[in-house]
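# Structural characterization, general
Below, each chain spelled out in residue letters.
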Amino acid sequence: MFRRTFWFTAGAAAGVWATAKVNRKIKQLTPESLAAQAADKAVVAGHRLKDFALDVREGMVRREAELGEALGLEAPVDPDLPVQPHFAVEAAPPAGRGAPARNRKLPYNPYNRNEDH
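Structure report, in brief. (Residues numbered from 1 in each chain as written. Predicted model: local features only at pLDDT ≥ 70, side-chain atom pairs only at ≥ 80, totals over all residues. Heavy atoms only, no water.)

### A look at the overall build of the protein chain
Each helix and strand in the protein chain was counted, giving 2 helices and 0 strands. Per-residue burial for the protein chain yields a buried fraction of 3% across its 117 residues. As displayed, the protein chain offers around 11,700 Å² of accessible surface, 62% of which is attributable to carbon and sulfur atoms. (Helix = DSSP H or I, 4+ residues; strand = E, 2+ residues; numbered from the N terminus. Buried < 20%, exposed > 50% of the residue type's maximum accessible area, 1.4 Å probe, protein only. Areas by Shrake-Rupley, 256 points an atom, 1.4 Å probe, with all protein chains shown as cover.)

The structure is reproduced here in structure tokens:
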């Protein structure tokens, strides 16, 4: 009698456990859950990419400082020297297209698909 009760209880418990596990897996495979999982993974990938970019930038700054020190570029600037402004580079006129375009600054993209026509 006790054997039958034990096996009946064990079977019922296994059935409840299996049903709960199947229901949990079905909920994980719904479109909403899959979209949420993909979004979470994208956020994690974005954080890793940001950390990588920050590491690269830190290494770049460190290496620039090493090179500047090695080349003597860290010397103090004489305040009496005139400051030369940096101008943007102008784009070359397109070859073979009528009159050359003037006052075009880089970047110039003549094929802008977002432009209203």
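After that view, the rundown keeps rolling.
### Topic: the packing of aromatic side chains
Given two aromatic rings, one states the distance between the centres and the angle between the planes to describe the pair. The full count for this structure, using the stated rule, is 1 aromatic pair. For the pair Phe6 and Trp7, a centre-to-centre distance of 5.0 Å together with 70 degrees between the ring planes defines the contact as edge-to-face. Its relative accessible area of 59% is what places Trp7 among the exposed residues. (Phe/Tyr/Trp six-rings, centres within 6.5 Å; stacked < 30°, edge-to-face > 60°.)

### Examining helix α2 (residues 31-71)
Here α2 is 41 residues long and its end C-alpha atoms lie 59 Å apart, about the 60 Å a rise of 1.5 Å per residue gives. Taken from the residues just after α2, Gly72 is the one with a positive phi, measuring 75 degrees. (Expected span 1.5 Å × (residues − 1).)

### Comments concerning the pattern of salt bridges
Counted under the stated rule, the structure contains 2 salt bridges. Put simply, Glu58 and Arg62 hold a salt bridge, and the shortest N to O gap is 3.0 Å. You can see Glu58 and its partner Arg62 sitting in helix α2, 4 residues apart, about one turn around the helix. Exposure remark for Glu58: the relative accessible area of 47% places this residue in the partly exposed category. Assessed through its relative accessible area of 47%, Arg62 is described here as partly exposed. Of the charged contacts, one joins Glu66 and Arg63 as a salt bridge, the two residues approaching to 3.2 Å between their closest N and O atoms. One end of the pair, Glu66, and the other, Arg63, are both in helix α2, 3 residues apart, so they sit about a helical turn from each other. According to the relative accessible area criterion, Glu66 is partly exposed, its value standing at 40%. (Salt bridge = Lys/Arg side-chain N within 4 Å of Asp/Glu carboxyl O.)

### Describing a nonpolar patch on the surface
On the surface, a cluster of nonpolar side chains totalling about 310 Å² of accessible area is made up of Leu49, Phe52 and Val56. Tracing the chain through its elements places Phe52 in helix α2. Given a relative accessible area of 53%, Phe52 falls into the exposed group. (Patch = residues over 30% accessible without salt bridge, like charges linked within 9 Å, V, L, I, M, F, W, Y side chains within 5 Å.)

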